Amino acid sequence: MSTDTAAAPVESTPAVPATKRARKHRKFSPWSVVAWIVALGFFFPVAWMVLTAFKQEGDAYTTPPKLFFTPTLDQFTAVLESGIGIALLNSAFATAMSTILVLVLGVPAAFALSLRPVRKTKDALFFFISTKMLPIVAAIIPLYVIVNDIGLLDNIWALVILYTAMNLPIAVWMMRSFFLEVPGELLEAASMDGASLWTSVREVILPLVSPGIAATALICVIFSWNEFFFAVNLTAVQAQTIPVFLVGFITGEGLYWARLSAAATLAALPVILAGWVAQNKLVRGLSFGAIK
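Criteria and thresholds
- Residues numbered from 1 in each chain as written.
- Predicted model: local features only at pLDDT ≥ 70, side-chain atom pairs only at ≥ 80, totals over all residues.
- Heavy atoms only, no water.
- Helix = DSSP H or I, 4+ residues; strand = E, 2+ residues; numbered from the N terminus.
- Contact = heavy atoms within 4.5 Å.
- Areas by Shrake-Rupley, 256 points an atom, 1.4 Å probe, with all protein chains shown as cover.
- Expected span 1.5 Å × (residues − 1).
- Bend = angle between axes of the 7 residues up to and from the residue.
- Polar contact = N/O pair within 3.5 Å; in protein donor to acceptor, adjacent residues only side chain to side chain.
- Phe/Tyr/Trp six-rings, centres within 6.5 Å; stacked < 30°, edge-to-face > 60°.
- Buried < 20%, exposed > 50% of the residue type's maximum accessible area, 1.4 Å probe, protein only.
- Axes fitted to C-alpha atoms, helices over the stretch in contact; angles between N-to-C directions.
- Parallel < 35°, antiparallel > 145°, perpendicular 65-115°, else oblique.
- Left-handed = near helix turned anticlockwise from the far one by under 90°.
- Core = buried A, V, L, I, M, F, W, Y, C linked by side-chain atoms within 4.5 Å.

(A) Structural context of the overall build of the chain. A count of helical and extended segments in the chain gives 14 helices and 2 strands. Partitioning the contacts of the chain with sequence separation of at least 6, the portion at a separation of at least 24 is 75%. When the accessible area of the chain is evaluated, it comes to approximately 18800 Å², of which 70% is carbon and sulfur surface.

(B) Expanded view of helix H8 (residues 156–180). The end-to-end C-alpha distance of H8 is 35 Å, a good match for the 36 Å that 25 residues give at a rise of 1.5 Å each. The largest bend along H8 reaches roughly 35° and is located at Leu168, with the proline Pro169 sitting one to four residues downstream. Looking at where H8 begins, the residue whose side-chain oxygen comes 2.9 Å from the main-chain nitrogen of Trp157 is Asn155.

(C) Spatial organisation of the packing of aromatic side chains. Under the counting rule described, the total for this entry stands at 4 aromatic pairs. Ring plane angle 75° and centroid distance 6.0 Å describe the contact between Phe111 and Phe179, whose orientation is recorded as edge-to-face. Residue Phe111 is found in helix H5 (residues 84–112), and its partner Phe179 is found in helix H8; the two are separated by 68 residues along the sequence. A single burial state applies to Phe111 and to Phe179, both of which are buried.

(D) Just the packing of H5 against helix H10 (residues 197–226), in detail. Relative to each other, H5 and H10 sit at 140°, their axes nearing to 9 Å. When the axis of H5 is compared with that of H10, the two are oblique. Between H5 and H10 lies a crossing of right-handed hand. Listed contacts from H10 to Leu88, Ser91, Ala92, Thr95, Ser98, Thr99, Val102, Leu103, Val107 and Phe111 of H5 are Leu197, Val201, Leu206, Ile213, Ala217, Cys220, Val221, Ser224 and Trp225.

(E) Quick peek at the nonpolar core. Counting residues in each nonpolar core, the largest one holds 21 residues, and the members touching the most others are Phe111, Leu115, Val172, Met175, Phe179 and Ile205. If near-sequence neighbours (up to four positions away) are discounted, Met175 is found in contact with Leu103, Gly106, Val107, Ala110, Ile213 and Thr216.

(F) Structural detail: unusual backbone geometry. Within the chain, Asp154 stands out as a residue other than glycine whose phi angle is a positive 60°. Note that Asp154 resides in the loop between helix H7 (136–149) and H8. Its relative accessible area of 18% is what places Asp154 among the buried residues.

(G) Looking closely at the packing of H8 against H10. Viewed as axis vectors pointing N to C, H8 and H10 meet at an angle of 150°, and their least axial separation amounts to 10 Å. Judged by the inter-axis angle, H8 sits roughly antiparallel to H10. As for the relative orientation of H8 and H10, their crossing is right-handed in sense. Taken together, the residues of H10 that come into contact with H8 (itself represented by Tyr163, Met166, Asn167, Ala171, Met174, Met175, Phe178 and Phe179) are Ile205, Leu206, Val209, Gly212, Ile213, Thr216, Ile219, Cys220, Phe223 and Ser224.

Written out as structure tokens, the structure is:
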């Protein structure tokens, strides 16, 4: 005797996305709290500088520090009226021109030392990096004499040349590591298709290493923008850069904390904006070739 059993309907449960499942099963880690504390500790001086920039001088000198105050833009107005614009333009010109020259000279050098090696490549690499081993203070007197003799003292082009020489070795080493991650077979395939060397580099190689080049350019921008030693010794008024301008707020009467904080905030803003705009390229460039 056969009996028919009715199959019970099976209710389908909605699929949970993988990200939600991973978030649900993620365990609390005390190291994440430590990481946040360390990150906030590094960011606190910057936040305090920006906060002090909106205070009056009397509020900036209080002990204990005053957390609640009436914000004001008087310090930014005073800094803008004191001639920070010229210093910003000088820094921007020296930084932009030196970075362009570094890329124009460094990209062919890095390409030649990676995908198209020349004779004694290791010697050339050692020569590049050995130029960074000499302390700047040991070379400032000969540089001062040379710059004075050729008439470039207190001239922005002297800083452009020196910043280019300062950043070129590290740029070549960085970009060479990026070029080494590009398979050499790509050049062979392009040459077999009839492409010239310049066409292969422009249309095949450079698009692949563009994140690395962007990361190198951003690092050169940061180094040039923050450079102080050359600028304070080889400039006076006409070619004064922003780091030298900030020193002017340290006087014999004391420190103008609020005004110095406002000037430092304006000085740091261009580099912060450049890093924020190029953050995707920077992350991709610094991790270029890390995952095989």
